[in-house]
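In case you want the letters, here they are:
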Number of protein chains: 2
Amino acid sequence: MEKLQSASRDELLALQSTLTAQYEAVKAQGLKLDMSRGKPGREQLELSREMLFMPGDESTVIDGMDAANYGVLEGLPTCRRMFAELLGVKYEQIFIGGNASLTLMYDTVAKAFTNGLLHSTCPWSKLDKIKFLCVVPGYDRHFTICESFGIEMIPVQLREDGPDMDAVEELIKDETVRGMWCVPKYANPAGITYSDAVIDRIARMKPAAPDFLLMWDNAYCVHEFDGDFVPFRDIISECAKYGNEDMVFEFASTSKITFPGAGVSCFACSEANMAHMKKMLKAQTISFDKLNQLRHIMFFKNSAGVLAHMKKHAAVLKPKFDMVLSWLDREIAPLEIASWCKPRGGYFVSFDAMHGTASRIHALCKEAGLVMTEAGATYPYHNDPNDSNLRIAPSLPPVVELDKAMELFCLCVKLAAVEKLLAE
Amino acid sequence: MEKLQSASRDELLALQSTLTAQYEAVKAQGLKLDMSRGKPGREQLELSREMLFMPGDESTVIDGMDAANYGVLEGLPTCRRMFAELLGVKYEQIFIGGNASLTLMYDTVAKAFTNGLLHSTCPWSKLDKIKFLCVVPGYDRHFTICESFGIEMIPVQLREDGPDMDAVEELIKDETVRGMWCVPKYANPAGITYSDAVIDRIARMKPAAPDFLLMWDNAYCVHEFDGDFVPFRDIISECAKYGNEDMVFEFASTSKITFPGAGVSCFACSEANMAHMKKMLKAQTISFDKLNQLRHIMFFKNSAGVLAHMKKHAAVLKPKFDMVLSWLDREIAPLEIASWCKPRGGYFVSFDAMHGTASRIHALCKEAGLVMTEAGATYPYHNDPNDSNLRIAPSLPPVVELDKAMELFCLCVKLAAVEKLLAE
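Bear in mind the structure is a predicted one, so any value in this text is a computation, not a measurement.

## Re the pairing of strand S8 (residues 177-182) of chain A
All names here are of chain A. Most of S8 is tucked away: 6 of the 6 residues are buried. Pairing of strand S5 (residues 131-136) with S8 involves 4 bridges; the strand directions are parallel. Residue Phe132 lies in a different strand from S8, and its bridge partner there is Gly179. Note: S8 against strand S9 (residues 213-217), 4 bridges, orientation parallel. In the sheet register, Gly179 faces S9, and the bridge partner there is Leu213.

## Observations concerning the sheet that holds strand S4 (residues 94-96) of chain A
Here we have 8 strands laid out as an open sheet, ordered S4-S11-S10-S9-S8-S5-S6-S7 (chain A), and mixed in their pairing. With partners counted over all chains shown, the strands left at the sheet margins are S4 and strand S7 (162-163) of chain A, one partner each.

## So, the nonpolar core
Formed by 283 residues in total, the largest nonpolar core has its most connected members in Cys412(A), Cys412(B) and Val413(B). Residues in contact with Val413(B), not counting those within four places in the same chain, are Ile332(B), Ala338(B), Ala353(B) and Ile361(B).

## Things to note about the sheet that holds strand S15 (residues 389-392) of chain A
Consider a sheet: its strands pair through backbone hydrogen bonds, and that pairing is either parallel or antiparallel. All names here are of chain A. With respect to topology, 3 strands assemble into an open sheet ordered S12-S13-S15, the strand pairing being antiparallel. Where the open sheet ends on each side, the last strands, each with one partner, are strand S12 (339-340) and S15. Where S12 meets strand S13 (residues 349-352), 2 bridges bridge the pair, whose relative direction is antiparallel. Each bridged residue has a counterpart across the sheet, and for Trp340 the counterpart in S13 is Phe351.

## Some thoughts on the interface of chain A and chain B
Interface size is commonly expressed as the accessible area that is lost once the parts come together. In this complex, chain A contributes 41 residues to the contact, which on the side of chain B involves 41 residues. Broken down by secondary-structure element, the contributors of at least two residues to the side of chain A that touches chain B are helix H4 (101-114), helix H5 (140-148), helix H9 (271-284) and helix H10 (290-300) of chain A. Of the residues forming the side of chain A that touches chain B, the biggest block, 6 residues, is contributed by H4(A). Looking at the side of chain A that touches chain B residue by residue, the class counts come to 23 nonpolar, 14 polar and 4 charged.

## Let's talk about the environment of Ala333(B)
Mapping Ala333(B) onto the fold places it in the loop between helix H11 (303-332) and strand S12 (339-340). In this structure, the C-alpha to C-alpha distance between Ala333(B) and Lys3(B), residues 330 residues apart in sequence, is 8.6 Å.

## Considering the domain arrangement of chain A
Residue and element names in this part refer to chain A. Segmentation of chain A into domains returns domain 1 (4-45 + 307-423) and domain 2 (58-305). Here the element with the most residues in the side of domain 1 that touches domain 2 is helix H11 (residues 303-332); it accounts for 9 residues. Class assignment of the residues belonging to the side of domain 1 that touches domain 2 gives a composition of 17 nonpolar, 7 polar and 4 charged.

## Let's talk about unusual backbone geometry
Following Asn188(A), the chain continues into Pro189(A) via a peptide bond in cis, with omega recorded as 5°. With respect to the helices, strands and loops of the structure, Pro189(A) is situated in the loop between S8 and helix H7 (196-203). Pro55(B) follows Met54(B) through a cis peptide bond whose omega is 0°. With respect to the element layout, Pro55(B) can be found in the loop between helix H2 (42-46) and strand S2 (61-62). Phi angles above zero are rare outside glycine, and Tyr381(A) is one such case at about 55°. When you line up the elements, Tyr381(A) lands in the loop between strand S14 (370-372) and S15.

## Notes on the relation of the copies chain A and chain B
Under the fitted operation, chain A is carried onto chain B by 0.0 Å of movement along the axis and a turn of 180°, and the coordinates agree to an RMSD of 0.0 Å. In symmetry terms, the pair is related by a two-fold rotation axis. Ranked by how close their C-alpha atoms come to the rotation axis, the residues of chain A are headed by Phe53(A), at 2.3 Å. With an isologous cut-off of 70% or more, the 100% of interface residues of chain A that recur at the interface of chain B puts this contact in the isologous class.

Calculation criteria
- In this numbering scheme, every chain counts its residues from 1 along its sequence in written order.
- Whichever chain is written first is A, and whichever ligand is written first is 1; the rest continue in order.
- Side-chain atom pairs in this predicted model are given and counted only at pLDDT of 80 or more, local residue features only at pLDDT of at least 70, and totals for whole chains, interfaces and linings cover all residues.
- Residues are called buried when their C-beta atom has 20 or more other C-beta atoms within 10 Å, exposed when it has 12 or fewer, and partly exposed otherwise; all C-beta atoms are positioned from the backbone.
- To qualify as a helix, a DSSP run of H or I must reach at least 4 residues; to qualify as a strand, a run of E must reach at least 2; elements of each kind are numbered from the N terminus.
- Pairs of strands are assigned from DSSP output, requiring at least two bridges between the strands.
- For this entry, the nonpolar core is defined as buried Ala, Val, Leu, Ile, Met, Phe, Trp, Tyr and Cys residues connected by C-beta atoms within 7 Å.
- Two residues form a contact once the distance between their C-beta atoms, set from the backbone, is within 7 Å.
- The classification used treats Ala, Val, Leu, Ile, Met, Phe, Trp, Tyr, Cys and Pro as nonpolar, Asp, Glu, Lys and Arg as charged, and all other residues, Gly among them, as polar.
- Residue ranges for the domains originate in an automatic or database domain assignment.
- Here the copies are superposed with least squares, the fitted atoms being C-alpha atoms of residues at a pLDDT of at least 70 in both.

Shown next, in the form of structure tokens:
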């Protein structure tokens, strides 16, 4: 079959009948497949198995302090140093948090509301309206944080090289626009990495809001699965070039390096922001889990250890992404009914189906036993104006299941497209 | 020496001279002693050493889910069950958090400000004034949370059997009084446990504020060091008797059971509160550290395992408290210049020095190398109206150091009292 749009009605009807039969056959297998979240698979968890025995017999005293007792709000120095190296920021700019960078992001926004940020004239809770720019397609949990605080979300289109900066520069003239979510490297879900030029434009933004909050979620900072680690600009020093160093908070974690939900998170920010945040963090906790920081230090030794470890993840992930892409190339590409990214890192393949079919694809998949991230989830308010984007998360299923899942997915994509064309 | 108040000026001068000489001798030793915080000592940390090897070779799958991967917002069922048993609440009422109950407390107050509690008419941030009742002497970190959110603190005196409920019942008629901090068992620092009668009066409070927040910090719920575990009323069901079940959040953790800062925390609340909180918590995290929950389950098996473990802590702590009390009984009691509690659990001896001498005692101790919690720290705004209360935390120093510390402390108490009497 060639390009689907040029098929005749009869050809479409014939195809629909074939596809429906194939779909019913797959459905009859009673599959239970999950490609909904960026969860590492079992094989990836095994890569960190040694950590499950740590610290073991080793002393819990490190950097002159006992990791097994209270204290050291900002985290173990060795752990801070490791993250500083990975992110290319200064040691003083790193704060080690608990098991999830998502929590650090939520807390940063929460503190803006309850106390205000360093350059806030008042806590955000005293303002009538707070808006955030949300790069789309984007990460649903960022949007959930906004919804939780009643922040109005304004979508900004992601392009090949980063957010549409013309739109951003226009939108930040509005003082009620107080922040922006970015996943700058191997974006969730689009897989692209912001170009130096876009990063430069971001770094020199002059938002009307004095306390504009650039949320730089560097979730996939070392998550290449195809090729070597690609160094990435340090957003804090980029911003500093334009006197903007207090505008940005960067976030990262080992959730997809060691154990999801049992890793170590961090944020990085200017020294002035750090002092401001620590005043508030001191009220929130005595210290985060330093034993888990110690495990990470023992396991990795240093940042080079992390990068070496990521090669092992890559060896597991690459075949999975290859499989996804080969199914799409084989089954969908010739029909010209969809487009998708070909990422070299991160956790997702962003899939743009024929407009108006994403929800239907999701429903068809679900009915046959394949759970995908919901259509619309990659947009604020679940509102994908084209009903087109779907996020494929190939990490969790074993290869053999992924094969099944992609077979089914491709069937559903085609079936939904044929239905759509027949209805036109 | 008999009662100091009846000593003549000459006797006081002579005593001052003796004490000063003794003090200078101790000071010359260049001590470095720390009785400032309720930090478990090294010997206590060793009690949980086995946990440092966990989960080790054991499967990380428990309760049908993988503790090493994302998921299960409310925590592992087995872990929830263990805490439910310890606190005498229902399984459904337990939420397992991260490494610190302090963070859960802070977050609960933060959520009241940003989103409002279940019965709030609006987020607290929209209200002009929020006041909390603070039982005094009390826990400084509770007060720090209030200060962080700009909550006005009203001190309420702690008596032998709990807070002064006549005062509480009067104060809660003010609608701006929105909450109250309690450490109901082995209170920090007073060591007393609330009586059933006081608990009943607390449970049937009818505050003017519809969303009054009773912060029930049960930090020392199983922390008897003298005798068997003493069962304690479940505040949620006590409140439920009066239709008040949504008024209270209870907090606990294993910080002083396993590893301080690397334990597991929880809150307990009514099912309706739980549903309300989970809506907000879902935006804050995917799940807390379940590998650490797993370690705790493997180590303790169940609540009986926790109680058995607490006997080992008791064996370490009892001699330390005995030493503190024996020094005070021998050196201070005959002079009738101070009073103190004789707790059977918890982490502190609350010491009430001769009025107007606490700051001086603190300074004298510090000068000679003994760090104590600051005078006034047990009162909101560091304002102890009598400059009398000091918190003795004997857990951290080894016994031999504690002996030195108490010798010095007693010297300072006497010296400050003599100075005070001479100045009158």
